[in-house]
Amino acid sequence: PVTKKPVRIAVARDKAFCFYYEDNFEVLRDLGAELVEFSPISDSCIPENTDGLYLGGGFPEDCAAELSLSPQLTGLRRLADAGLPIYAECGGFMLLSQGIEREGRLWPMAGIFPVTAQFLPRPQGLGYVCGRVTAANPFFPLGLELRGHEFHYSRCRWQGNPPHFALRLDKGVGMGRAQGQTLDGLTRGQVWASYTHIFAPAVPCWAHNFAAAARAFAERAREKRENSGQARG
């Protein structure tokens, strides 16, 4: 039974973001999360009073033109800067990139990470992934052996030197190679973005940590509102 305060996690779900495991949702709900679906394509904004954001996989490359016009791109950058826990897998990572490149054209995205997702006609990563978490983040402990899978037609084009990664792969393609290692999992503040998909029942800490990070964000937001009200008083 959940005894802690519930949290509100927004889930991107439309024709661009449609790959999720229902089990992942069930585990989050069991931990007290209220899941609120929204569309990055058609909705004008991310749901209000959001304590966490879940950006799953799908086919954003097929909707790149529509996504590039979304007013939510600015909102994503603002929420990332505000410390909102954001978990992005594959298509979700592409939404947080500088842009999606397809057939010689670049469609701008949220620009949270200094990388472009270049779409290609053949799969660039397909199969099981196994790696180890190498950097602090809100969702996985350091040293965790993380297992998942990948299926993506895009590859990363870095702007300058590759940024800091949080997942070193022993099996899989991920975001490519740097300094002799195969890497995945970008982090920025409370944001995690990777090509690797996980299955929550196989990685129990993920949902617990996601809910805890969302709960901590909600508490900080509440304290900020109270302090602001006292200052005005």
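Quick caveat: nothing in here was measured; it's all calculated off a predicted structure.

## Describing the overall build of the chain
Then, number 1: When you go through the chain residue by residue, the secondary structure sums to five helices and 16 strands.
Then, number 2: A globule of 233 residues ought to have a C-alpha radius of gyration of about 17 Å, and the chain, at 17 Å, matches this closely.
Then, number 3: Along the three orthogonal principal directions, the C-alpha set of the chain runs to about 55 × 40 × 30 Å.
Then, number 4: Out of the 233 residues in the chain, the part that is buried amounts to 52%.
Then, number 5: Sequence-distant contacts in the chain: of pairs separated by 6 or more residues, those separated by 24 or more amount to 69%.
Then, number 6: Put simply, the chain shows about 11,100 Å² of open surface, and 50% of that area lies on carbon and sulfur atoms.

## A short note on the sheet that holds strand E8 (residues 105-108)
To summarise the sheet geometry, strands pair through backbone hydrogen bonds and adopt either a parallel or an antiparallel arrangement.
Then, number 1: The strand order E8-E7-E9-E12 describes an open sheet built from four strands, whose pairing is mixed. Each of the sheet's edge strands pairs with one partner strand only, and the pair in question is E8 and strand E12 (154-158). Here the average twist between neighbouring strands, direction ignored, is 30 degrees.
Then, number 2: Bridge analysis of strand E7 (residues 99-102) against strand E9 (residues 115-119) gives three bridges, and the strand direction is parallel. Directly across from Gly99, in E9, lies its bridge partner Thr116.

## Some words on the pattern of salt bridges
Then, number 1: A complete count under the given rule lists nine salt bridges for this structure.
Then, number 2: With a shortest N-O distance of 3.4 Å, Lys15 and Glu66 are connected by a salt bridge. Here Lys15 is found in the loop between strand E1 (7-12) and strand E2 (17-19), whereas its partner Glu66 is found in helix H2 (residues 64-68), with 51 residues between them in sequence.

## Overview of the layout of surface pockets
Then, number 1: Space inside the largest pocket adds up to approximately 750 Å³.
Then, number 2: Within the residue set of the lining of the largest pocket, elements represented by two or more residues are E1, helix H3 (72-81) and helix H5 (204-232).
Then, number 3: Residue composition of the lining of the largest pocket, grouped by class: 11 nonpolar, five polar and 12 charged.

## Things to note about the packing of aromatic side chains
Ring pairs (aromatic) are described by centroid distance and by the angle formed between their planes.
Then, number 1: Enumeration according to the criterion identifies 19 aromatic pairs in this entry.
Then, number 2: Residues Tyr21 and Phe199 carry aromatic rings whose centres are separated by 5.2 Å and whose planes lie at 75 degrees to one another, so their mutual orientation is edge-to-face. Here Tyr21, found in the loop between E2 and helix H1 (22-30), pairs with Phe199, found in the loop between strand E16 (191-194) and H5; they are 178 residues apart in sequence, far enough to count as distant.
Then, number 3: Judged by its relative accessible area of 32%, Phe199 is partly exposed.
Then, number 4: Within the aromatic cluster, the residues linked to one another by ring pairs are Tyr20, Phe25, Tyr54, Tyr87, Phe139, Phe140, Trp192, Trp206 and Phe210.
Then, number 5: Over the ring of Phe119 we find Arg102, and its NZ or CZ is 4.1 Å from the ring centre.

## Topic: the pairing of E9
Each regular strand displays side chains that alternate between the two surfaces of the sheet.
Then, number 1: Counting buried residues along E9, five of its five residues qualify, which places the element largely inside the surrounding structure.
Then, number 2: When E9 meets E12, the two strands line up antiparallel, connected through five bridges. Paired with Gln118 across the bridge in E12 is Arg155.

## As for the side chain of Ser39
Then, number 1: Structurally, Ser39 is set in the loop between strand E3 (33-38) and strand E4 (52-55).
Then, number 2: Residue classification places Ser39 among the buried residues on the basis of a relative accessible area of 8%.
Then, number 3: A polar contact of 2.6 Å, which involves the side chain of Ser39, links it to the side chain of Asp14.
Then, number 4: Of note is the side chain of Ser39, whose polar atom sits 3.2 Å from the backbone nitrogen of Ile41.
Then, number 5: Beyond its immediate stretch of four places on either side in the chain, Ser39 contacts Arg13, Asp14 and Gln72.

## Side note on the nonpolar core
Then, number 1: Counting residues in each nonpolar core, the largest one holds 70 residues, and the members touching the most others are Tyr54, Leu55, Leu76, Leu96, Phe140 and Trp206.
Then, number 2: The biggest single contributor to this core is H5, with six residues.
Then, number 3: Once you skip the residues sitting within four places of it in the chain, Leu96 turns out to touch Leu55, Leu76, Ile86, Ala88, Ala110, Gly111, Ile112, Phe113, Val191 and Ala193.

Reading the values: the criteria
Residues numbered from 1 in each chain as written. Predicted model: local features only at pLDDT ≥ 70, side-chain atom pairs only at ≥ 80, totals over all residues. Heavy atoms only, no water. Helix = DSSP H or I, 4+ residues; strand = E, 2+ residues; numbered from the N terminus. Rg over C-alpha atoms; globule rule 2.2 N^0.38 Å. Buried < 20%, exposed > 50% of the residue type's maximum accessible area, 1.4 Å probe, protein only. Contact = heavy atoms within 4.5 Å. Areas by Shrake-Rupley, 256 points an atom, 1.4 Å probe, with all protein chains shown as cover. Pairing = 2+ DSSP bridges. Axes fitted to C-alpha atoms, helices over the stretch in contact; angles between N-to-C directions. Salt bridge = Lys/Arg side-chain N within 4 Å of Asp/Glu carboxyl O. 1 Å grid on protein atoms, 1.4 Å probe; cavity = no way out; pocket = protein on both sides within 12 Å on 5 of 7 lines; lining within 4 Å. Points joined across faces, edges and corners; volume = space filled by probe spheres on them. Nonpolar A, V, L, I, M, F, W, Y, C, P; charged D, E, K, R; others polar. Phe/Tyr/Trp six-rings, centres within 6.5 Å; stacked < 30°, edge-to-face > 60°. Lys NZ or Arg CZ within 6 Å of the ring centre and 35° of its normal. Polar contact = N/O pair within 3.5 Å; in protein donor to acceptor, adjacent residues only side chain to side chain. Core = buried A, V, L, I, M, F, W, Y, C linked by side-chain atoms within 4.5 Å.

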